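Here are the chains, one letter per residue:
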Amino acid sequence: MRRSILTAAALTATLALAACSGGAEEPAGEESAAPNGEGSTLTVWVDETRQAAVEDAAAGFEESTGAEVEVVLKNFEDIRPDFLAQVPTGQGPDITVGAHDWLGELTTNGVVAPIELGDTAAAFEPVSVQAFTQDEQVYGLPYAVENIALIRNTELAPEAPATWDDAIAAGEEAGTEYPLLIQTSTEGDPYTFYPLQMSFGAPVFEQNADGTYAPELALGGEGGTAFAEWLAEQGEAGTLSTDVTYDIAVAAFAAGESPFIVGGPWMLEQFADLDLSIDPIPSAGGEPAQPFVGVAGFYVSAQSENALLANDFLVNHMATPEAQLALYEAGDRPPALIEAADTASEDPITAGFRAVGADAVPMPSLPEMGAVWAYWGVTEAAIVSGQSDPAEAWEKMVADIQGEIG
């Protein structure tokens, strides 16, 4: 991929950052020249899965800029809290790996800086850039897209179902123990159930015209009530059950006890002996059953003294087909860079998840999302198990979440 050309505005902004911080980088030219990084060191936090791919890209960056890259290995679970704690004190890395749904918390705490993708933005899957966008600014360099889909055992169900009812009918015709598997448990699973909720026209938050979210609840109203009543019907019919946990669902599908499971690529290793197809999740409510999409990427610290170098490393060394395919091979998630995703899609399983992800919606990164999960899941579980009246329980859930958000 050719080196991106920084716009005059972005260059001015980035140089201002560098000037304010006293960084060592030389002013960049208007086009493709790499910044002079002699004497500078970029610190990058990664987890074990991403380490080798980042180190390979760092070698090329060091050769072209003269800068050094220190790749620091951390447990993924520690990265977000440590980044939030250390950046305000002037510590922490210049760049860290992270998920897009951290964005609201990171910007609220002022610990991340926008990055300038320039022409490179058009080379990414649109949903991946949208996921890292807030107030018309992009805060992350995406590298992988993750979403659920309908995983189908083709020996038990030769054709993809068009609707939820078609899937249940096909499952019953297959004569297996479960017509369709979807993890529920007594705590519910709103992430996995979300595409079915979306098919009733009940998104969790309102979306702006550019696809970003507004902190206004949207999961109530007629669509939400209709979804709640559908949950109760499925629970009564036995097609949904709180007895089905993640482990039970995966083990049953692996044993051929259902032709369908709603799940993600993280399950595939346990289905190695099955012939699979990856299909869109069938609609239950008549509208498209859009799952959440999660996007993995890299953030730049708001306190980095090497903002220009950090941007150059991400845009010109991590946004290459080679780097993105290396990350794909390590993490088994479709790349965010279209050229790399095209190559990875030679695998029909990856192509299937990618196709579903193209129509998915980003997981909201609003800080208000933290108030939603607990009420959401247990309400779904209570309705499925028949413990709660669907309309009343859903209305109370919405009121409780609204009260939590304020």
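Description of the structure in this document. (Residues numbered from 1 in each chain as written. Predicted model: local features only at pLDDT ≥ 70, side-chain atom pairs only at ≥ 80, totals over all residues. Heavy atoms only, no water.)

So, on to the sheet that holds strand 11 (residues 260-263). One open sheet holds the 3 strands; their spatial order is 11-8-12, and the pairing between them is antiparallel. The sheet is open, and its two edges are formed by strand 11 and strand 12 (276-279), each paired on a single side. The sheet shows a mean angle of 25° between the axes of neighbouring strands, taken without regard to direction. Sheet topology note: the strand 8 (residues 149-153)/strand 12 ladder contains 4 bridges and is antiparallel. If you follow R152 over to strand 12, its bridge partner there is S277. Lying on the sheet, helix 9 (residues 246-254) is in contact with strand 8, strand 11 and strand 12; it crosses strand 11 at an angle near 140°. (Pairing = 2+ DSSP bridges. Helix = DSSP H or I, 4+ residues; strand = E, 2+ residues; numbered from the N terminus. Axes fitted to C-alpha atoms, helices over the stretch in contact; angles between N-to-C directions. Contact = heavy atoms within 4.5 Å.)

A word on the packing of helix 8 (residues 221-237) against helix 14 (residues 373-384). Orientation of helix 8 relative to helix 14, taken along the N-to-C sense of each, is 45°, at an axis distance of 7 Å. Our classification of the angle between helix 8 and helix 14 gives oblique. Here F227, A228, L231, A232 and G235 of helix 8 come into contact with helix 14, specifically with E380, I383 and V384. Classifying every residue of the contact of helix 8 with helix 14 by side-chain character gives 6 nonpolar, 1 polar and 1 charged. (Parallel < 35°, antiparallel > 145°, perpendicular 65-115°, else oblique. Nonpolar A, V, L, I, M, F, W, Y, C, P; charged D, E, K, R; others polar.)

The next subject is the packing of aromatic side chains. Evaluated as defined, the whole model comprises 16 aromatic pairs. Taking the centre distance of 5.9 Å and the plane angle of 55° together, the rings of F200 and F227 count as tilted. Linking F200 in the loop between helix 7 (190-198) and strand 9 (205-207) with F227 in helix 8, this pair joins segments that are 27 residues apart in sequence. F200 sits in the buried class, given a relative accessible area of 15%. A relative accessible area of 0% means that F227 is categorised as buried. Ring-pair connections join several aromatic residues into one group, and the members of that group are W164, F200, F227, W230 and W394. Just above the ring of W45 sits the side chain of K74; from NZ or CZ to the centre is 4.4 Å. (Phe/Tyr/Trp six-rings, centres within 6.5 Å; stacked < 30°, edge-to-face > 60°. Buried < 20%, exposed > 50% of the residue type's maximum accessible area, 1.4 Å probe, protein only. Lys NZ or Arg CZ within 6 Å of the ring centre and 35° of its normal.)

We now examine the nonpolar core. The biggest cluster of nonpolar side chains holds 57 residues, and the ones touching the most others in it are I95, L141, F298, F313 and M318. Of the residues forming this core, the biggest block, 6 residues, is contributed by helix 10 (residues 307-318). Excluding residues within four positions of it along the chain, M318 makes contact with V54, A57, L141, F298, F313, A323, Q324 and L327. One finds Y191, L217, I281 and L366 within the second-largest nonpolar core, a separate group that totals 43 residues. (Core = buried A, V, L, I, M, F, W, Y, C linked by side-chain atoms within 4.5 Å.)

Bringing the packing of helix 2 (residues 48-65) against helix 10 into the picture now. Two elements in contact, helix 2 and helix 10, have axes separated by 10 Å at closest approach and are oriented at 115°. By crossing handedness, the relation of helix 2 to helix 10 is classed as right-handed. Listed contacts from helix 10 to V54, A57, A58, G60, F61, S64 and T65 of helix 2 are L309, D312, F313, H317 and M318. Among the residues forming the contact of helix 2 with helix 10, the class breakdown is 7 nonpolar, 4 polar and 1 charged. (Left-handed = near helix turned anticlockwise from the far one by under 90°.)

What follows covers the side chain of T350. Considering the arrangement of structural elements, one finds T350 in helix 13 (residues 348-358). If sequence neighbours within four positions are ignored, T350 has contacts with Y328, P334, A344 and S345.

The subject of this paragraph is the environment of F76. As for its position among the elements, F76 is in helix 3 (residues 76-86). Sequence-wise, F76 and V97 are 21 residues apart; in three dimensions their C-alpha atoms are separated by 8.6 Å. Not counting the four nearest positions on each side in its chain, F76 is found in contact with D47, R50, V97 and W102.

Inspection of the secondary structure assignment puts D312 in helix 10. A distance of 2.8 Å separates polar atoms of two side chains, one belonging to D312 and the other to N316. (Polar contact = N/O pair within 3.5 Å; in protein donor to acceptor, adjacent residues only side chain to side chain.)

As a further point, take the pairing of strand 1 (residues 41-46). A large share of strand 1 lies buried, amounting to 5 of its 6 residues. Summarising the sheet, strand 1 and strand 2 (residues 68-73) pair through 6 bridges and their orientation is parallel. Looking across to strand 2, one finds that L42 is bridged to V69. Assessed by its sense of winding, the connection that carries the chain from strand 1 through helix 2 to strand 2 is right-handed. With 2 bridges connecting them, strand 1 and strand 3 (residues 95-99) associate as parallel partners. When the sheet's bridge partners are listed, W45 is paired in strand 3 with T96. (Right-handed = clockwise from strand over helix to strand, strands pointing away.)

Together, E229, E233, E236, D389, E392 and E395 line one region of the surface with negative charge. Secondary-structure elements contributing two or more residues to the negative patch are helix 8 and helix 15 (390-405). (Patch = residues over 30% accessible without salt bridge, like charges linked within 9 Å, V, L, I, M, F, W, Y side chains within 5 Å. Areas by Shrake-Rupley, 256 points an atom, 1.4 Å probe, with all protein chains shown as cover. Salt bridge = Lys/Arg side-chain N within 4 Å of Asp/Glu carboxyl O. Lys, Arg positive; Asp, Glu negative; His and termini not counted. Charge placed at Lys NZ, Arg CZ, Asp CG, Glu CD.)

Moving on, we come to helix 2. The first and last C-alpha atoms of helix 2 sit 26 Å apart over 18 residues, in line with the 26 Å expected at 1.5 Å per residue. The set of residues buried in helix 2 consists of R50, A53, V54, A57, A58, F61 and T65. (Expected span 1.5 Å × (residues − 1).)

Turning to the pattern of salt bridges, a few remarks are in order. Applying the stated criterion across every chain yields a total of 8 salt bridges. For the salt bridge of R354 with E125, the shortest nitrogen-to-oxygen distance reads 2.7 Å. Of this pair, R354 sits in helix 13 while E125 is found in the loop between strand 4 (112-113) and helix 5 (126-131), placing the two residues 229 residues apart along the sequence. Judged on exposure class, the residue R354 and its partner E125 are both buried. With a shortest N-O distance of 2.8 Å, D400 and K396 are connected by a salt bridge. Note that D400 and K396 are positioned in helix 15 at a spacing of 4 residues, about one turn of the helix. On the accessibility criterion, D400 (26% relative accessible area) is partly exposed.

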